[in-house]
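Remarks on the overall topology
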Amino acid sequence: MIGGGGGAGNMRLDEYDVDLKSVNPQVWRQLGALIRPYTGRLLLSTLLMMVTAAAGLVGPSLVQIAIDSFIQTGDEAGLNLAAAAFLGAALISWATSYSQTYLISLVGQRIVYDMRDRMVRHLQKLSFRFYDAMATGRIVSRVMSDVDSINQLVSAGLVSVLADGMSLLFIMGRMLTMNVRLALVSFVTIPILLGVLQLFKRQMRVTFAEQRRQAANMNANLAESIAGMRVTQSFTREEQNHDQFNQINERTRKANLAAIAIWARFLPSIELVAAFGTTLLLWYGGVLIKGGATGVTVGQVAAFILFLGRFFGPIRDLSQVFNIVQAAVISAERVGEVLSQEPEVTDLPTAYALPRLTGAVEFRNVIFGYDETQPILKGINLHVQPGQTIALVGPTGAGKSSIINLLSRFYDPQGGAVLVDGHDLRDVTQDSLRGQLGTVLQEPFLFTGTIRQNIRFGRPDATDAEVEEAAKAVGAHEWILKLPQGYETGVNERGARLSVGQRQLIAFARALVADPAILILDEATSNIDTYTESIIQRALGTLLEGRTAFVIAHRLSTIQNADCIYVVDGGQIVEQGTHAELLALGGRYASLHQHTAGTIAE
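Residues numbered from 1 in each chain as written. Predicted model: local features only at pLDDT ≥ 70, side-chain atom pairs only at ≥ 80, totals over all residues. Heavy atoms only, no water.

Brief notes about the side chain of R456
Inspection of the secondary structure puts R456 in the loop between α13 (451-455) and α14 (464-473). The exposure class of R456 is buried, given its relative accessible area of 18%. Among residues more than four places away in sequence, those in contact with R456 are A462, T463, D464, V467 and V513. (Helix = DSSP H or I, 4+ residues; strand = E, 2+ residues; numbered from the N terminus. Buried < 20%, exposed > 50% of the residue type's maximum accessible area, 1.4 Å probe, protein only. Contact = heavy atoms within 4.5 Å.)

Structure, rendered in structure tokens:
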């Protein structure tokens, strides 16, 4: 399987015009490894190809026999027999061609399934740092488009190379055994054909690479435009965005037209060479027959003309394989780039599962930075007792979200340790930790499905009664029942048909159903209206009961009742205490309170 150092550093993986000679040889071995598990099916497919190629030789040979032995002698019975044999050979060719195409397509689809399954499994293991560095569109492109390109190589390119290669060898061998002189005359066209292919090879490579590049640019622009439609319309940028898309669309059109022009010249050029070969064969065959050459018959010349026509078919097909191979190899490099990534956060071989947590949390002199040379957290120390609610406040970039990310073990600190119930997070399994954390974000993410499925997302075995009890506890039950299908109402991508407050309430219910020991509220009320916030405030008592809670918020209504408020600035805790204590201290927190008139600036 592709991965484990697929050569990501050998080339710019966003390039589409790559010389195959420059590709890391390991990629070819990796492509071979993809195919190896299906060697048996491929050998059977190859056998069927050989039968198809052999059946293709029968037709022209039967034409020769029909002309020389039956038509010229008026043998109607023999002619009928030759015609029946011709039809039988065609049916055999159809059956074997269908079988081998279907079989190798099955192999191709199995490889696609295996690769996508492995990629998605691998992507779910990768740490957040990978997603910080790689755009979602690029990841999706590798899972979908690049895997499809590799499938094209297996199911189309491989078929063409093997089937057409066999057909060429069989045809050339049969022509030589029939008549060496006519065969050699037919082969005169081969150097001409190679010259035509060489002439078009560079043009095709450059033109089709540009076509793929422009198509990728257009897809990227379109995806970005759709995702940002709300912002576009808010700033009345429709015309400018349309103009930008039109420019990309025009470049794509020109690239497509250039590719069409190449094919418009290439295919007729092949046909012209084929016509020249047929003309030469007719002329030379006629000369031999007229001169009384031994062993040359009208039927034989007719058979050679049919063979020559079949000779150029595989040539046309093989000329297209180059682009399939090039696209597949580049895609293999791209897929290998993803699969060769190693998770930054991993379970140690000795990692053990956490028992049910009481919720004690300790940050012990923690140093952390997304770039190790530029630490964001500079010696953070905090201690949270089970069941306490603490708040983290401070300016943007102070390090609040970094503290939460370390608690969830999305990253590991470069110094110090994060402990829960006295367990260093690096010593326990990630699943046993995160299974006891519940998170509600500022922008709650809802998945395509029903409201009920979204609420039980963190605990799929939750009963309908438990789902509804959680919704009641956070104040969502009544308005859910008013929806067309109640809890079975479908939720579109990101919950677009629901209000921000409704999505947030579903996220609260989801966290409650998961029954976490530690709850994380990351600005969970910053985007909702005052009325919805009042509903949530009433629900928070139920949600926080018996749980340790970390709250990042800028609304004092959310944090003023916290057991302890930590003011984070410059990667350090500069103040800590209750709301009243910090106001009385008259320091950073009091200043933020005064300047925001009831809101802590985030």
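Focus: the nonpolar core
With 40 residues, the main nonpolar core has I451, I455, W479 and I480 as its most contacted residues. Ranked by residue count, the leading element in this core is helix α16 (residues 500-514), at eight residues. If we ignore the near neighbours within four places in the chain, the residues touching W479 are L498, Q502, L505 and I506. (Core = buried A, V, L, I, M, F, W, Y, C linked by side-chain atoms within 4.5 Å.)

Thoughts on the pattern of salt bridges
Evaluation of the coordinates by the stated rule reveals 18 salt bridges. Here D515 makes a salt bridge to R356, at a shortest N to O gap of 3.9 Å. On the criterion of sequence distance, the pair formed by D515 in the loop between α16 and β9 (518-522) and R356 in the loop between α10 (298-339) and β1 (361-368) is long-range, its members being 159 residues apart. The exposure class assigned to R356 is partly exposed, which follows from its relative accessible area of 49%. Where D515 meets R547, a salt bridge forms, and the shortest distance between an N and an O atom there is 2.7 Å. Remark: R547 occurs in the loop between α17 (530-544) and β10 (548-552) and D515 occurs in the loop between α16 and β9; sequence separation between them is 32 residues. Taking relative accessible area as the criterion, D515 reaches 37% and is therefore assigned partly exposed. Overlapping salt bridges bring together R452, R456, D464, E468 and E488 as one network. (Salt bridge = Lys/Arg side-chain N within 4 Å of Asp/Glu carboxyl O.)

Some remarks on the pairing of β9
Most of β9 sits out of view: five of its five residues are buried. In this sheet, β9 lies alongside strand β6 (residues 437-440) in parallel orientation, the contact comprising four bridges. Paired with L437 across the strands is I518, a residue of β9. With five bridges joining them, β9 and β10 adopt parallel strand pairing. Looking at β10, one finds that I520 is bridged to F550. (Pairing = 2+ DSSP bridges.)

Here's the deal with the environment of Q100
In this fold, Q100 is placed in helix α3 (residues 76-125). With 58 residues separating them along the chain, Q100 and L42 place their C-alpha atoms 8.8 Å apart. A distance of 3.3 Å separates a polar atom in the side chain of Q100 from a polar atom in the side chain of T101. (Polar contact = N/O pair within 3.5 Å; in protein donor to acceptor, adjacent residues only side chain to side chain.)

Considerations on the sheet that holds β6
Either a parallel or an antiparallel arrangement is found when strands of a sheet pair, and the pairing is made through backbone hydrogen bonds. Pairing is mixed across the open sheet formed by six strands, whose spatial order is β6-β9-β10-β3-β11-β12. Of all the strands in the sheet, the pair left with one neighbour each is β6 and β12 (572-577). Across the sheet, the mean angle from the axis of one strand to that of its neighbour is 20°, orientation sign disregarded. In the packing of helix α11 (residues 400-407) onto the sheet, contacts are made with β3 (389-393), β6, β9, β10 and β11 (564-569), and the angle to β10 comes to roughly 150°. (Axes fitted to C-alpha atoms, helices over the stretch in contact; angles between N-to-C directions.)

Some details on the packing of aromatic side chains
For the coordinates displayed, the defined rule picks out nine aromatic pairs. Considering the side-chain rings of F200 and F266, the 5.4 Å spacing of their centres and the 70° angle between planes classify their relative orientation as edge-to-face. On the criterion of sequence distance, the pair formed by F200 in helix α7 (residues 189-227) and F266 in helix α9 (residues 238-290) is long-range, its members being 66 residues apart. By relative accessible area, which is 5% here, F200 ends up buried. Since its relative accessible area comes to 0%, F266 is described here as buried. Between the aromatic rings of F447 and F457, the centroid separation amounts to 4.6 Å while the plane-to-plane angle is 10°, which identifies the pairing as stacked. Here F447 is found in the loop between β6 and β7 (449-450), whereas its partner F457 is found in the loop between α13 and α14, with 10 residues between them in sequence. For F447, a relative accessible area of 36% gives the class partly exposed. (Phe/Tyr/Trp six-rings, centres within 6.5 Å; stacked < 30°, edge-to-face > 60°.)

Comments concerning the sheet that holds β1
Judged by pairing direction, the sheet is antiparallel, and its four strands sit side by side in the order β2-β1-β4-β5 without closing on themselves. The two strands at the open ends of the sheet, each matched to only one other strand, are β2 (377-384) and β5 (423-424). Examined bridge by bridge, β1 and strand β4 (residues 415-420) share five bridges and lie antiparallel to one another. Each residue of the ladder has a partner; that of R364, found in β4, is A417. Packing against the sheet, α11 makes contact with β1, β2 and β4, and its axis sits at approximately 115° to β1.

Comments concerning the environment of P349
Residue position: P349 is located in the loop between α10 and β1. On the basis of relative accessible area, P349 is assigned to the exposed category, the value being 86%. Taking the C-alpha atoms as reference points, P349 and D427, 78 residues apart in sequence, are found 9.2 Å from one another.

Examining unusual backbone geometry
Positive phi outside glycine occurs at R409, with the angle close to 55°. R409 sits in the buried class, given a relative accessible area of 3%.

Looking at the confidence of the model for the protein
Residues with a pLDDT of 70 or more make up 88% of the protein, whose mean pLDDT is 82. Between residues 4-13, whose pLDDT stays under 50, and residues either more than four places distant or in other chains, the model counts 24 contacts. Low confidence marks residues 598-602, where pLDDT is under 50. Its contacts with residues over four positions away, or in another chain, come to 28 contacts. (pLDDT = per-residue confidence, 0-100.)

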